[in-house]
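# Fold and contact review
Residues per chain, in single letters:
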Amino acid sequence: MDFKGSETIPGPRTEDQLPHTAEAAAKIVIVGGFGVGKTTMVGSVSEIKPLTTEETMTQAGVGVDDNFGSASKTATTVAMDFGRIKITEQLVLYLFGTPGQERFWFLWNGLFEGALGAVVLVDTRRLEVSFDVMGRLEERGVPFVVAVNTFPDAPRYPFADLRTALDLPQDVPIMDCDVRRRASSRDVLVTLMRFLHSLAMTGSRT
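Remember, it's a predicted structure, so these values are computed and weren't measured experimentally.

Glancing now at the overall build of the protein chain. Looking only at helices and strands, the protein chain has five helices and eight strands in total. Mapped in sequence order, the helices and strands of the protein chain form the string β-α-β-β-β-β-α-β-α-β-α-β-α. Each of the 206 residues in the protein chain was classed as buried or not, and the buried ones make up 50%. Within the structure as shown, the protein chain displays about 10200 Å² of accessible surface, and the carbon and sulfur contribution to it stands at 54%.

Given below as structure tokens:
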């Protein structure tokens, strides 16, 4: 995601070693369409220097990749993004951002292996690209929450309308998010962990 005026809130980056207090770790995947903000989210919230696999976009992608709303985007993820965040003194999340272009979706199967849950990033200007994403998660039984990335020029809709448009079950959380801001991205991850806890307590999955 890139647009003029974006500002990522700075924050301390910890050393690459796991915190000595960590007792549990979980793999979380960040998914969504092309240019929806996955790389930005991982980069803004990670407490270590994030690993990215971005490559410069070339003329070869014209007519293949849908860059709607991303005319100024010059690089794209071709494998994954990786970051890490400590949610509590005991719990650490490993974050894996997936490539958004359909031609790289074959990589998703490996990234989904062992994932405890997922964040689906949504752009209200093109909700249709979210359907296949959520379908793949549902097929693999990976619980997820939906975060609506608040692009400045994107239309805003009531959550009830978005839930209907996305055919989301009532128990799946949906929220606004500014992925440029660490606090906002972290709130999404906390919401996901609470949702996963509630599923574990009831013995159900999405």
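The element strand β7 (residues 144–149) is extensively covered by neighbouring structure, given that six of its six residues are classed as buried. Because side chains alternate across β7, one face comprises the buried residues Phe 144, Val 146 and Val 148, and the other comprises Val 145, Ala 147 and Asn 149, equally buried. Read from strand β6 (residues 115–122) through helix α3 (residues 129–140) to β7, the crossover connection turns out right-handed. A crossover connection joins β7 to the parallel strand β8 (residues 174–177) through helix α4 (residues 159–166); in handedness this β-α-β unit is right-handed.

Looking at where Arg 163 falls in the secondary structure, it is placed in helix α4. Residue class for Arg 163 comes out buried when judged on its relative accessible area of 13%.

It is worth spelling out unusual backbone geometry at this point. Positive phi values are uncommon outside glycine, yet Asp 167 reaches one of about 55°. Locating Asp 167 in the fold gives a position in the loop between α4 and β8.

Pairing is mixed in the open sheet, where six strands are placed in the order β4-β5-β1-β6-β7-β8. Each edge of the sheet is formed by a strand with only one pairing partner; in this case those strands are β4 (81–86) and β8. The average angle at which neighbouring strand axes cross in this sheet is 25°, direction not considered. Across six bridges, the pairing between strand β1 (residues 24–32) and β6 is parallel.

This paragraph deals with the environment of Val 119. Within the secondary structure, Val 119 is located in strand β6. With a relative accessible area of 0%, Val 119 lands in the buried category. Separated by 87 residues in sequence, Val 119 and Gly 32 place their C-alpha atoms 8.3 Å apart. When residues no more than four places from it in sequence are discounted, the contact partners of Val 119 are Val 29, Ile 30, Val 31, Met 41, Val 145, Ala 147, Val 188, Leu 189 and Leu 192.

Between its terminal C-alpha atoms helix α5 (residues 182–202) stretches 30 Å, which fits the 30 Å expected from 21 residues at 1.5 Å a residue. Every buried residue of α5 is listed here: Arg 182, Ser 184, Ser 185, Val 188, Leu 189, Val 190, Leu 192, Met 193, Phe 195, Leu 196 and Leu 199.

Leu 93, Val 119, Val 120, Phe 144, Val 146 and Leu 189 are the most contacted members of the largest nonpolar core, which has 51 residues in total. Here this core gets eight residues from one element, more than from any other, and that element is α5.

Let us now look at the confidence of the model for the protein chain. Considering every residue of the protein chain, the mean pLDDT works out to 80; 70% of them sit at 70 or more. Within the model, pLDDT remains below 50 along residues 1–14, and this stretch shows 38 contacts once partners closer than five positions in the same chain are excluded. Predicted confidence is poor over residues 55–65, with pLDDT under 50, and the contacts of this stretch with residues over four places away or in other chains come to 14 contacts.

Our next topic: the side chain of Ser 130. Structurally, Ser 130 is set in helix α3. Judged by relative accessible area, Ser 130 falls into the buried class, the value being 2%. Contacts of Ser 130, omitting those with residues within four sequence positions, involve Val 122 and Leu 166.

What counts as what
- Residues numbered from 1 in each chain as written.
- Predicted model: local features only at pLDDT ≥ 70, side-chain atom pairs only at ≥ 80, totals over all residues.
- Heavy atoms only, no water.
- Helix = DSSP H or I, 4+ residues; strand = E, 2+ residues; numbered from the N terminus.
- Buried < 20%, exposed > 50% of the residue type's maximum accessible area, 1.4 Å probe, protein only.
- Areas by Shrake-Rupley, 256 points an atom, 1.4 Å probe, with all protein chains shown as cover.
- Right-handed = clockwise from strand over helix to strand, strands pointing away.
- Pairing = 2+ DSSP bridges.
- Axes fitted to C-alpha atoms, helices over the stretch in contact; angles between N-to-C directions.
- Contact = heavy atoms within 4.5 Å.
- Expected span 1.5 Å × (residues − 1).
- Core = buried A, V, L, I, M, F, W, Y, C linked by side-chain atoms within 4.5 Å.
- pLDDT = per-residue confidence, 0-100.

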